[in-house]
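Each chain, letter by letter, is given below.
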Amino acid sequence: LALIRWAVVVGRPVVVQMHGGKFGGFYAGLSRAERFLVRATVDRLAGIIVLTTGLKADFSMTRDWERRTIPIGNTCDVPPGTVRRARSGELRLLFLSSLLVSKGYRESILAVGDLARRRPQFRLRLDVAGGFLPDRDFRDEDAQQDDLREMLGSLPGTVAATYHGVVGCAAKESLLSNAD
């Protein structure tokens, strides 16, 4: 916080990238004095980059948050000059992150369902990997797990969906290398 304040004092615009979706919970857990200090510091930022539109509201307590908070989703870099093509009518999609609603995993699942309905000629594979983080959206991990199971189960028949849980090392590398 001190570095942000110093940069603003010397006239440098500061943009931060919030990797993750727990700022709202962090802020809610602060004392009144701590919230004042954090809000006053964040209010001085020129911009806040978040990973999904759903994470913008985590900064709703700050000045002009709708304009200053900008979602830029994670992307996968493809080397210039190459085109990724689905293998023989198949498309393998991966959501690999903590399962926090504001990170967009539910929207990703819905988008896969929409893609399957619009492009029934494709065989789609959806791999979901990450730990449950019910936060304020579910009463506990069991409720979140039930919701995920229901969402995956409601996908069209042309989608094979698997929840892998928390993965590491070799399993993560395998999922990443097999995803389109």
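None of these values were measured; they are calculated from a predicted model.

(A) Inspection of the packing of aromatic side chains at higher detail. Using the criterion set out here, one finds five aromatic pairs in the structure. Centroid distance phenylalanine 23 to phenylalanine 26: 5.8 Å. Interplanar angle 50 degrees. Geometry classified as tilted. Residue phenylalanine 23 and its partner phenylalanine 26 are both found in helix H2 (residues 23-28); the two are separated by three residues, about one turn of the helix. Of the residues examined, phenylalanine 26 reaches a relative accessible area of 45% and is grouped as partly exposed. Within the aromatic cluster, the residues linked to one another by ring pairs are Phe23, Phe26, Tyr27 and Phe59.

(B) Summary view of the side chain of lysine 103. By secondary structure assignment, the location of lysine 103 is in the loop between strand E4 (90-96) and helix H5 (105-118). No salt bridge forms around the buried lysine 103; measuring N to O, its nearest opposite-charge neighbour aspartate 58 is 10 Å away. Among the polar contacts made by the side chain of lysine 103, one reaches the side chain of serine 97 at a distance of 3.1 Å.

(C) Spatial organisation of the nonpolar core. Counting residues in each nonpolar core, the largest one holds 19 residues, and the members touching the most others are Leu99, Tyr105, Ile109, Leu126, Leu148, Leu152 and Val159. For this core, the secondary-structure elements that each account for two or more residues are E4, H5, strand E5 (123-129) and helix H6 (141-153). Dropping the residues within four chain positions of it, leucine 152 is found in contact with Ile109, Leu126, Val128, Ala161 and Tyr163. Counting residues in each nonpolar core, the second largest holds 15 residues, with Val14, Phe23, Val38 and Leu45 among its members.

(D) Highlighting a nonpolar patch on the surface. Among the surface-exposed residues, Trp6, Val9 and Val10 lie close enough to one another that they form a single nonpolar patch of about 350 Å² accessible area. By the secondary structure assignment, valine 9 is in helix H1 (residues 2-9).

(E) Here's a closer look at the pattern of salt bridges. Tallied over the full model, the rule gives 10 salt bridges. Across the pair aspartate 64 and arginine 67 runs a salt bridge, and its minimum N-O distance is 2.5 Å. Via salt bridges that share partners, Asp58, Asp135 and Arg136 belong to a single interconnected network.

(F) Quick peek at the pairing of E4. Pairing analysis gives seven bridges linking E4 to E5, with the strands arranged parallel. The partner of leucine 93 across the bridge, within E5, is leucine 126. Handedness of the crossover is the feature at issue here: the chain leaves E4, passes through H5, returns alongside E5, and the resulting connection is right-handed.

(G) Geometry of the sheet that holds E5. Strand order in the open sheet made by the three strands is E4-E5-E6, with parallel pairing throughout. Of all strands in the sheet, those bounded by a partner on one side alone are E4 and strand E6 (159-163). The sheet shows a mean angle of 15 degrees between the axes of neighbouring strands, taken without regard to direction. Here E5 runs beside E6; their pairing, made up of five bridges, is parallel. The residue bridging arginine 125 from the neighbouring strand is alanine 160, located in E6.

(H) Representation of the sheet that holds strand E1 (residues 15-17) in the model. Strand order in the open sheet formed by three strands is E1-E2-E3, with parallel pairing between adjacent strands. The open sheet has two edge strands with one neighbour each: E1 and strand E3 (69-71). Going across the sheet, the axis of each strand differs from the next one's by a mean of 20 degrees, ignoring polarity. One ladder, built from three bridges, connects E1 with strand E2 (residues 47-50); its direction is parallel. By the bridge assignment, valine 15 is partnered in E2 with glycine 47.

Parameters at a glance
Residues numbered from 1 in each chain as written. Predicted model: local features only at pLDDT ≥ 70, side-chain atom pairs only at ≥ 80, totals over all residues. Heavy atoms only, no water. Phe/Tyr/Trp six-rings, centres within 6.5 Å; stacked < 30°, edge-to-face > 60°. Helix = DSSP H or I, 4+ residues; strand = E, 2+ residues; numbered from the N terminus. Buried < 20%, exposed > 50% of the residue type's maximum accessible area, 1.4 Å probe, protein only. Lys, Arg positive; Asp, Glu negative; His and termini not counted. Salt bridge = Lys/Arg side-chain N within 4 Å of Asp/Glu carboxyl O. Polar contact = N/O pair within 3.5 Å; in protein donor to acceptor, adjacent residues only side chain to side chain. Core = buried A, V, L, I, M, F, W, Y, C linked by side-chain atoms within 4.5 Å. Contact = heavy atoms within 4.5 Å. Patch = residues over 30% accessible without salt bridge, like charges linked within 9 Å, V, L, I, M, F, W, Y side chains within 5 Å. Areas by Shrake-Rupley, 256 points an atom, 1.4 Å probe, with all protein chains shown as cover. Pairing = 2+ DSSP bridges. Right-handed = clockwise from strand over helix to strand, strands pointing away. Axes fitted to C-alpha atoms, helices over the stretch in contact; angles between N-to-C directions.

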